[in-house]
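# Breakdown of the fold
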Amino acid sequence: MHLEHKVRLPDHDFAVAARHKLIPSVYAACVINPDKFTDAVSYSGPTYIAIRSMKHDSSTAFTHGHDLERLRSVDSFKTVMSTPDGQVKPIFIVASDGGPDENPRFPKPLQVAIARFKTWNLDAYLTGTNAPHYSAYNRVERRMAPLSRELAGLVLPHDHFGSHLDASGKTMDTEKEKLNFEKAGTTLAEIWSELMIDNQDVFAEYISPNDTAVTPDEPCAKWVATHVRQSQYFMQIVKCDDCGCCQPWRSSWRTYFPQRFLPGPAVPSHSNEGLCVPEQAWYLQLSSPILLL
């Protein structure tokens, strides 16, 4: 508990006024632990938190795209995301929850993913989400418990620079309101940035409403048909072999996946010998560790 920030503990936790809340967007990297027998993807890694004002900002697919670009300049994420020459690693894998601002089958998350795919010159951009009632298995959820624990008994004052509300709880000074939100968000960021989760850094910051997210151009339908495959819980964007369309491959993805895209699950069939698995089963065994991400 951070007594230096604690003011008092009220009997109720009702919002002081309408939309007087902060929106944290949490991004967790999962490092690969080198092992003698296999390289396992862990649940541990650096954490980044973008805090926004619910009153003056929002959480959308476009703000998440802004945050992904911001990750490149966060020191603890540089070694996870980038190659030694500063480029984003050629294969980018995202696991998200099923919210409409992150679900891979919705148009705006696709729009943002394509923009990142092109800007970063990726070979493959893969994003998946858990089925309903299984969001607890999302790796970000493992970081939420330590973050929530730091909030026990904490009250962030809404009037550090003086009250911006009248007696009815309505805003009477917009500029002072923004300053108060920024102070509360910055204080929360300081608290969370002091944490270490699994001996990994946590970096939190308040995002000003003035730092608006850029809306990328809508993708060409023909380009999408060539490079994108979407399903209920999974989306993949993969380069093509046309040099006039995509830059040369940066990884050996094409060697391991000659059909470019990850295949769908194999459907076994019954035969006189019993259950028969299709011939491409070896191919699915190769791709399954990536699908589990």
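Residues numbered from 1 in each chain as written. Predicted model: local features only at pLDDT ≥ 70, side-chain atom pairs only at ≥ 80, totals over all residues. Heavy atoms only, no water.

### Structural notes on the environment of leucine 275
For the record, the criterion: Only DSSP runs of H or I reaching four residues or more are called helices, and only runs of E reaching two or more are called strands; each is numbered from the N terminus. The cut-offs for exposure are 20% and 50% of the maximum accessible area for each residue type, with area from a 1.4 Å probe on protein chains only; residues under the lower value are buried, those over the upper are exposed, and the others partly exposed. The criterion used for residue contact is that any of the two residues' heavy atoms lie within 4.5 Å.
In this fold, leucine 275 is placed in strand E12 (residues 274-276). Look at leucine 275 and you get exposed, because its relative accessible area is 59%. Residue contacts for leucine 275: discarding those within four places in its chain leaves Pro268, Ser269 and His270.

### So, the packing of aromatic side chains
What counts, and what does not: Pairs were defined over the aromatic rings of Phe, Tyr and Trp, the Trp ring being its six-membered one, requiring ring centres within 6.5 Å. Orientation was assigned from the angle between planes: stacked under 30 degrees, edge-to-face over 60, tilted for the rest.
By the definition in use, this model includes 6 aromatic pairs. Plain terms: the ring middles of phenylalanine 92 and tryptophan 120 are 5.1 Å apart, the flat faces sit at 65° to each other, and that makes the pair edge-to-face. Here phenylalanine 92, found in strand E5 (residues 91-96), pairs with tryptophan 120, found in the loop between helix H3 (107-119) and strand E6 (124-129); they are 28 residues apart in sequence, far enough to count as distant. In this pair, the class of phenylalanine 92 matches that of tryptophan 120, namely buried. What links up through ring pairs into an aromatic cluster is the set Tyr27, Tyr48 and Phe203.

### So, unusual backbone geometry
As a rule of thumb, non-glycine residues mostly have phi less than zero, and peptide bonds are mostly trans rather than cis. The phi dihedral of asparagine 121 falls on the positive side, at around 55°, and the residue is not glycine. Among the secondary structure elements, asparagine 121 is positioned in the loop between H3 and E6.

### Here we look at the sheet that holds strand E7 (residues 196-197)
Rules: Pairing between two strands requires that DSSP report at least two bridges joining them. Lines fitted to the C-alpha atoms define the axes, with helices restricted to the stretch that makes contact. Angles between their N-to-C directions range from 0 to 180 degrees.
A sheet is described by the order of its strands in space; here 4 strands give the open sequence E1-E4-E8-E7, paired in mixed fashion. Of all strands in the sheet, those bounded by a partner on one side alone are strand E1 (22-28) and E7. When strand E4 (residues 47-53) meets strand E8 (residues 200-206), the two strands line up parallel, connected through 5 bridges. The residue of E8 that forms the bridge with threonine 47 is valine 202. Relative to E8, helix H5 (residues 174-193) is tilted by about 175°, and along the sheet it contacts E1, E4 and E8.

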